[in-house]
Amino acid sequence: MSLSSAPDLMVRTAPLYDRVKSVIPSIEWPAFAGDIDAILELKREHDAVILAHNYQTPEIFHCVADIVGDSLALAREAMKVDAKVIVLAGVHFMAETAKLLNPAKRVLIPDLGAGCSLAESITAADVRLLRQRYPGVPVVTYVNTSAAVKAESDICCTSGNARKIVESLGVPKVIMLPDEYLAQNIAAETGVEIVTWAGHCEVHERFSAADIQQLRAGHPGIVVLAHPECPPEVVAVSDFTGSTAAMIDYVGKEKPTRVVLVTECSMSDNVAVQHPDIDFVRPCNLCPHMKQITLPKIRRALETMQHEVTIDPAVAAPARRAVERMLEA
Ligand code: 13P
Ligand code: SF4
């Protein structure tokens, strides 16, 4: 950026800053404005769209993303993308899901290190062993997994539809992997017997019932919304449990005076922008994988068309079937 262009840049990006001024101090904006301006131009140049998960930071979520949402919404929207290039501002399994559902598009992830502790917890060989141990029991796989694991599964689910998917199978017992807590929370809701796997989200497993009790003691009247990747003891003492999109809907509809979103840190910032009158209490845990994605890396992805997500066709076909079955259920 040349010195003479700096004032122009600030004028051009002023409407974007207006969106996020409640969560980004004005002194920080000049550090973001140049990348945002460049990314908007690069998107036009390359016919690209940016899909961003609800855990992305506000300068990504509110200033460069074309489509935002939870894992389920991002999967559905990826399928409909018309543009040539999809940049997935989220983690690797989300980019793989986008590629599975819209294979003709070039799908980029700005940092290949944006993984997930759940996806890391299980391999395709583990699923094959589970099938041997529980013959005939259907395998429901959380989307937070590699395409290779999805390929070994009967159907996928997200936190937004896990109950519906398990119930849609109409069987008394399922294998649900790899998130042990999500599986236990769904077993409690449905009464279906669930064989679990000992995978955990490194963000949500750190919350405890004692944390929630402390919050309630310190913030009278607070409404507690928890993600279903939290341990069952946390869900048991919360007022509502749902996916990141379900939490956003709850806040929009119920408009609690004071609320805590028991999930990743950026959620509260992103939602607070739209609800200036609500008091968001913000103890939260950072997802180190989601935070690998930054504006400079998104800019670089568009400049270099890196890192392209590819999936072995032998894996892609069965993995796609498991994801499509979920979307059709
Ligand atoms: P949802 O946005 O689908 O609720 O998932 C949360 C999550 O942990 C994604 O990494
Ligand atoms: Fe994975 Fe948890 Fe991070 Fe989501 S928040 S990407 S489930 S580690």
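Note that the structure is a prediction, hence the values are computed from the model and not measured. (Residues numbered from 1 in each chain as written. Chains lettered and ligands numbered in written order. Predicted model: local features only at pLDDT ≥ 70, side-chain atom pairs only at ≥ 80, totals over all residues. Heavy atoms only, no water.)

Undergrad: A description of the overall build of the protein should follow, citing residues and the corresponding values.
TA: Secondary structure assignment for the protein yields 16 helices and 12 strands. Radius of gyration (C-alpha) of the protein: 20 Å, near the 20 Å computed for a compact globule of 329 residues. The principal-axis extents of the C-alpha atoms in the protein amount to approximately 70 × 55 × 30 Å. For the protein, the residues scored as buried account for 54% of the 329 residues in total. Sequence-distant contacts, at least 24 apart, represent 61% of the contacts inside the protein between residues at least 6 apart. Of note, the protein has its 31 positive side-chain charges centred 4 Å away from the centre of its 41 negative side-chain charges. (Helix = DSSP H or I, 4+ residues; strand = E, 2+ residues; numbered from the N terminus. Rg over C-alpha atoms; globule rule 2.2 N^0.38 Å. Buried < 20%, exposed > 50% of the residue type's maximum accessible area, 1.4 Å probe, protein only. Contact = heavy atoms within 4.5 Å. Lys, Arg positive; Asp, Glu negative; His and termini not counted. Charge placed at Lys NZ, Arg CZ, Asp CG, Glu CD.)

Undergrad: Provide a residue-level description of the site of ligand 2, including the pertinent values.
TA: The local shell around ligand 2 consists of Tyr55, Val91, Cys116, Ser117, Leu118, Asn144, Cys201, Val203, Glu229, Cys287 and His289. Taken together, the residues of the shell around ligand 2 break down into 7 nonpolar, 3 polar and 1 charged. (Near = heavy atom within 4 Å. Nonpolar A, V, L, I, M, F, W, Y, C, P; charged D, E, K, R; others polar.)

Undergrad: Give me the lowdown on the site of ligand 1, citing residues and values where you can.
TA: Residues in contact with ligand 1, as listed here, are His53, Tyr55, Asp70, Ser71, Met94, Asn144, Ser159, His227, Glu229, Ser243, Thr244 and Met290. Contact between ligand 1 and Ser71: an oxygen atom at 2.8 Å from a side-chain N or O atom of the residue. Within the side chain of Ser159, a nitrogen or oxygen atom sits 2.7 Å from an oxygen atom of ligand 1. A total of 300 Å² of accessible area belongs to ligand 1 in isolation, and the protein chains cover 95% of it. Per-class residue counts for the shell around ligand 1 are 3 nonpolar, 7 polar and 2 charged. (Polar contact = N/O pair within 3.5 Å; in protein donor to acceptor, adjacent residues only side chain to side chain. Areas by Shrake-Rupley, 256 points an atom, 1.4 Å probe, with all protein chains shown as cover.)

Undergrad: Give me the pairing of strand β1 (residues 48-53): which residues, what numbers.
TA: Burial of β1 is extensive: 6 of the 6 residues sit out of reach of the surface. As paired strands, β1 and strand β3 (residues 85-89) are joined by 5 bridges and run parallel to one another. Note that in β3 the partner of Leu51 across the bridge is Leu88. Alignment of β1 against strand β2 (residues 67-69), held across 3 bridges, turns out to be parallel. Each bridged residue has a counterpart across the sheet, and for Ala52 the counterpart in β2 is Val68. (Pairing = 2+ DSSP bridges.)

Undergrad: So, the state of the cysteines: which residues are in play, and what are the values?
TA: This structure, assessed with the given rule, holds 1 disulfide. Each sulfur in the disulfide pair Cys265 and Cys284 lies 2.2 Å from the other. As the torsion about the S-S bond is roughly 95 degrees, the Cys265-Cys284 disulfide counts as right-handed. Here Cys265, found in helix α14 (residues 265-272), pairs with Cys284, found in the loop between β12 (279-281) and α15 (295-304); they are 19 residues apart in sequence, far enough to count as distant. Owing to a relative accessible area of 18%, Cys265 belongs among the buried residues under this scheme. For Cys284, a relative accessible area of 28% gives the class partly exposed. The closest cysteine sulfur to the non-disulfide-bonded Cys230 is located on Cys201, 8.1 Å from its own sulfur. (Disulfide = S-S within 2.5 Å.)

Undergrad: Go over the pattern of salt bridges with me, naming the residues and quoting the values.
TA: The full count for this structure, using the stated rule, is 18 salt bridges. Close ionic contact of Arg131 with Asp154 constitutes a salt bridge, the shortest N to O distance being 3.0 Å. Linking Arg131 in helix α7 (residues 124-133) with Asp154 in the loop between α8 (147-151) and β6 (155-157), this pair joins segments that are 23 residues apart in sequence. (Salt bridge = Lys/Arg side-chain N within 4 Å of Asp/Glu carboxyl O.)

Undergrad: Got a sec to walk through the packing of helix α4 (residues 71-80) against helix α5 (residues 92-101)? Specific residues and values, please.
TA: The interhelical angle for the contact between α4 and α5, taken along N-to-C directions, is 35 degrees, at an axis separation of 8 Å. Here α4 runs over α5; the crossing is right-handed. Together, Ser71, Leu74, Ala75, Ala78 and Met79 of α4 and Phe93, Met94, Thr97, Ala98 and Leu101 of α5 make up the contact between the two elements. A breakdown of the residues in the contact of α4 with α5 according to their chemical character gives 8 nonpolar, 2 polar and no charged. (Axes fitted to C-alpha atoms, helices over the stretch in contact; angles between N-to-C directions. Left-handed = near helix turned anticlockwise from the far one by under 90°.)

Undergrad: Tell me about α7, residues and numbers included.
TA: Among the residues of α7, Ala124, Val127 and Leu130 are the ones counted as buried. For α7, the angular spread of the buried residues around the axis is 115 degrees, confining them to a single face. Facing away from the buried side of α7 by over 90 degrees, the exposed positions are Leu129, Gln132 and Arg133. Check the buried side of α7 and you find it contacts β5 (139-142), α8 and β7 (173-177). (Arc of directions from axis to C-beta.)

Undergrad: Lay out the sheet that holds β2 with the relevant residues and their values.
TA: Taken in spatial order, the 4 strands of this open sheet run β2-β1-β3-β4, and their pairing is parallel. Of all strands in the sheet, those bounded by a partner on one side alone are β2 and β4 (106-108). Across this sheet, the average inter-strand angle for adjacent strands is 20 degrees, counted without regard to direction.

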